[in-house]
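Chain and residue survey
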Amino acid sequence: PICFPVTITMALESIAERLLALKAIAGDTNTQKRISQAAAFSVIAEYKNRIFVYGLDKDLQPIGQYSFSSFYINPNSPQLFGVSSAAIKPAGKYGDTKFKNGKPHKTKYLADGYSELRNLTGRQNSFVDLNFSGSLFNSVKVIEEDNVSKVAYTVASEADKMVWNEIRFGKDISTVSDNEQQVGAEAAQLEFLAILEEFDQ
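Residue positions within a chain follow its written sequence, with the count starting from 1. Only residues with pLDDT of 70 or above have their local features reported here, since the model is predicted, and side-chain atom pairs are shown and tallied only from 80 upward, although totals for entire chains, interfaces and linings are computed over all residues. Note: side-chain values were computed over all heavy atoms of the structure, leaving out hydrogens and water.

**Details of the packing of helix α2 (residues 29-53) against helix α6 (residues 178-198)**
Here α2 crosses α6 at 150°, and the two axes come no closer than 8 Å. Remark: the crossing between α2 and α6 carries right-handed chirality. In this structure, α2 uses Thr31, Arg34, Ile35, Ala38, Ala39, Ser42, Val43, Glu46, Tyr47 and Arg50 to contact α6, whose residues at the interface are Asn179, Glu180, Val183, Gly184, Ala187, Ala188, Glu191, Phe192, Ile195 and Glu198. Considered class by class, the residues forming the contact of α2 with α6 number 10 nonpolar, four polar and six charged. Only the stretch in contact is used when a helix axis is fitted, and all axes are lines through C-alpha atoms; the angle between N-to-C directions ranges over 0 to 180 degrees. Under the scheme used here, helices are H or I runs from DSSP no shorter than 4 residues and strands are E runs no shorter than 2 residues, and both carry numbers assigned from the N terminus. Should the near helix be turned anticlockwise from the far one by less than a right angle, the crossing is termed left-handed; should it be turned clockwise, right-handed. The contact definition used throughout considers only heavy atoms, calling two residues in contact when any of these lie within 4.5 Å. In this count, Pro and Cys sit with the nonpolar residues alongside Ala, Val, Leu, Ile, Met, Phe, Trp and Tyr, while Asp, Glu, Lys and Arg are called charged and the others, Gly among them, polar.

Now the structure itself:
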């Protein structure tokens, strides 16, 4: 049989060509865009679950407990927009629906405070999950800037609400956790490998 030995020079040239091809692929705008999107969408899923499902801060510790301090609330309060408030009917501290002068109550007394409010609106109240009307949850989206995908709070008032909650509970909640960063890095790596396979590299 006739053999054609591969010289060291040929092998080095092949490696060099491959490296140039990889560099071109890695530097391609579409590649960077796809990798960034894959990372961002993986991160946002973990991020939302951590905060709005499990109620954990950046260090994976419980955000806190809901208040049991009593207060009055109007069933038509903007605070209740987007939630079912059928169970919140005007009533005084002792359950009376009218004042002594016969005028009806316009607010409801909640003896167990915000914890009771969440229970009446069908929300869990055993731990803080920052998910009441869903507005804060829905404001967290993947956005794209200059072909770079990012996880961001897209409504200014909701971003302010998150800041207020961090101050209120004394916790860093909005920062991406180490685990979420790792998830994003792994997703980016898998996407890059998928792109290389498409180019048969």
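**Side note on the pairing of strand β3 (residues 140-145)**
Here six bridges tie β3 to strand β4 (residues 148-153), and the two strands are oriented antiparallel to one another. Bridged to Ile143 within β4 is Lys150. DSSP calls a pair of strands paired once it identifies at least 2 bridges connecting them.

**A closer look at the packing of aromatic side chains**
Each Phe, Tyr or Trp ring (for Trp, its six-membered ring) is paired with any other whose centre lies within 6.5 Å, and the angle between the two planes then decides the class: stacked below 30 degrees, edge-to-face above 60, tilted in between. Inspection of the entire model under this criterion finds five aromatic pairs. Aromatic side chains Tyr47 and Tyr153 sit 6.5 Å apart centroid to centroid with 70° between the ring planes, which places their arrangement in the edge-to-face category. Remark: Tyr153 occurs in strand β4 and Tyr47 occurs in helix α2; sequence separation between them is 106 residues. For every residue, the accessible area obtained with a 1.4 Å probe (protein chains only) is divided by the maximum for its type, and the residue is called buried under 20%, exposed over 50%, and partly exposed between those limits. Since its relative accessible area comes to 21%, Tyr153 is described here as partly exposed. A centroid spacing of 5.3 Å and a plane angle of 50° characterise the contact between Tyr66 and Tyr114, whose relative ring orientation is tilted. Of the two residues, Tyr66 sits in the loop between α2 and β1 (71-73) while Tyr114 sits in helix α3 (residues 113-120), which places them 48 residues apart along the sequence.

**Regarding the side chain of Ser115**
Looking at where Ser115 falls in the secondary structure, it is placed in helix α3. Ser115 has contacts with Tyr66, Ser67, Phe68 and Asn125, leaving out every residue within four places of it along the chain.

**Comments concerning the environment of Asp129**
Considering the arrangement of structural elements, one finds Asp129 in the loop between α3 and α4 (135-139). Sequence separation of Asp129 and Ile63 is 66 residues, and the distance between their C-alpha atoms is 7.5 Å. Residues in contact with Asp129, not counting those within four places in the same chain, are Ile51, Phe52, Gly55, Tyr66, Arg118 and Gln124. Of the polar contacts made by the side chain of Asp129, one reaches the side chain of Gln124; its length is 2.9 Å. Reaching out from Asp129, the side chain makes a polar contact with the backbone nitrogen of Asn131 at a distance of 2.9 Å. Two N or O atoms form a polar contact when they lie within 3.5 Å of each other; inside protein one atom must be a possible hydrogen donor and the other a possible acceptor, and for residues adjacent in sequence the pair counts only when both atoms belong to side chains.

**So, helix α5 (residues 156-169)**
The length a helix should cover is 1.5 Å for every residue beyond the first. With 14 residues, α5 should reach 20 Å at 1.5 Å per residue; the first-to-last C-alpha distance of 20 Å fits that figure. The set of residues buried in α5 consists of Glu158, Met162, Asn165, Glu166 and Phe169. Angularly, the buried residues of α5 cover 100° about the axis, an arc narrow enough to put them on a single face. Of the exposed residues in α5, the ones pointing more than 90 degrees away from its buried face are Ala156, Asp160 and Ile167. Its buried side turned inward, α5 meets α2, α4 and β4. With its phi angle positive at about 65°, Gly170 sits one or two positions after the end of α5. The arc in question is the one traced by the directions running from the helix axis out to the C-beta atoms.

Functional significance is not addressed by these values, which are geometric in nature.
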